[in-house]
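Survey of secondary and tertiary structure
This is what each chain is made of:
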Amino acid sequence: MRVEATTDRVLLNTHDRPASCDFASPALVRRGRLQVAVSTSGDSPYVAAAVRERLEKLIGEEWGSLLSLVGGVRRRLRRQGVSAAEQQRVYHGLLRPHVRASLRR
């Protein structure tokens, strides 16, 4: 299979033989445009999946909405020339748990 893939210029990924892989495919947690990747560099897809499952419980769907909110605020603050220190203060406020709870509802 390796020879054929190389001849045909096809990248190869086999979850059970990391040494034969051209790339490692991470386990992904997706919340809108927020993406968290977990990789074990092919050593254990099972561990990567287990970590992904735990992260999925910790990072709720509201994080996608939070990213959109903070991204919009960031663009507006930068257009207005707000200092980096003030931007950090605003972001810190947006990351408070009550904001995520509101988005969750």
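Read on for an overview of the structure.

**Some remarks on a positive patch on the surface**
A contiguous patch of positive charge on the surface is contributed by R33, R74, R75, R76, R78 and R79. Overall, the relative accessible area of 68% leaves R79 in the exposed class.

**Here's the deal with the pattern of salt bridges**
In total, this model carries four salt bridges according to the counting rule given. Among the ionic pairs, R31 bridges to E61, the shortest N-O distance being 3.4 Å. Of this pair, R31 sits in strand β1 (residues 27–31) while E61 sits in the loop between α2 (45–58) and α3 (62–79), and the two are 30 residues apart along the sequence. Classification of E61 by relative accessible area gives exposed; the value is 57%. For E86, the salt bridge is made with R89, and the minimal N-O distance between the two is 2.6 Å.

**So, the packing of α3 against helix α4 (residues 84–94)**
For the pair α3 and α4, interaxial distance at closest approach is 11 Å and the crossing angle is 160°. Relative to α4, the element α3 is oriented roughly antiparallel. Remark: the crossing between α3 and α4 carries right-handed chirality. For the pair α3 and α4, the contacting residues are L66, L69, V70, V73, R74, L77 and R78 in the first and Q87, V90, Y91 and L94 in the second.

What counts and what doesn't
- Residues numbered from 1 in each chain as written.
- Predicted model: local features only at pLDDT ≥ 70, side-chain atom pairs only at ≥ 80, totals over all residues.
- Heavy atoms only, no water.
- Patch = residues over 30% accessible without salt bridge, like charges linked within 9 Å, V, L, I, M, F, W, Y side chains within 5 Å.
- Areas by Shrake-Rupley, 256 points an atom, 1.4 Å probe, with all protein chains shown as cover.
- Salt bridge = Lys/Arg side-chain N within 4 Å of Asp/Glu carboxyl O.
- Lys, Arg positive; Asp, Glu negative; His and termini not counted.
- Charge placed at Lys NZ, Arg CZ, Asp CG, Glu CD.
- Buried < 20%, exposed > 50% of the residue type's maximum accessible area, 1.4 Å probe, protein only.
- Helix = DSSP H or I, 4+ residues; strand = E, 2+ residues; numbered from the N terminus.
- Axes fitted to C-alpha atoms, helices over the stretch in contact; angles between N-to-C directions.
- Parallel < 35°, antiparallel > 145°, perpendicular 65-115°, else oblique.
- Left-handed = near helix turned anticlockwise from the far one by under 90°.
- Contact = heavy atoms within 4.5 Å.

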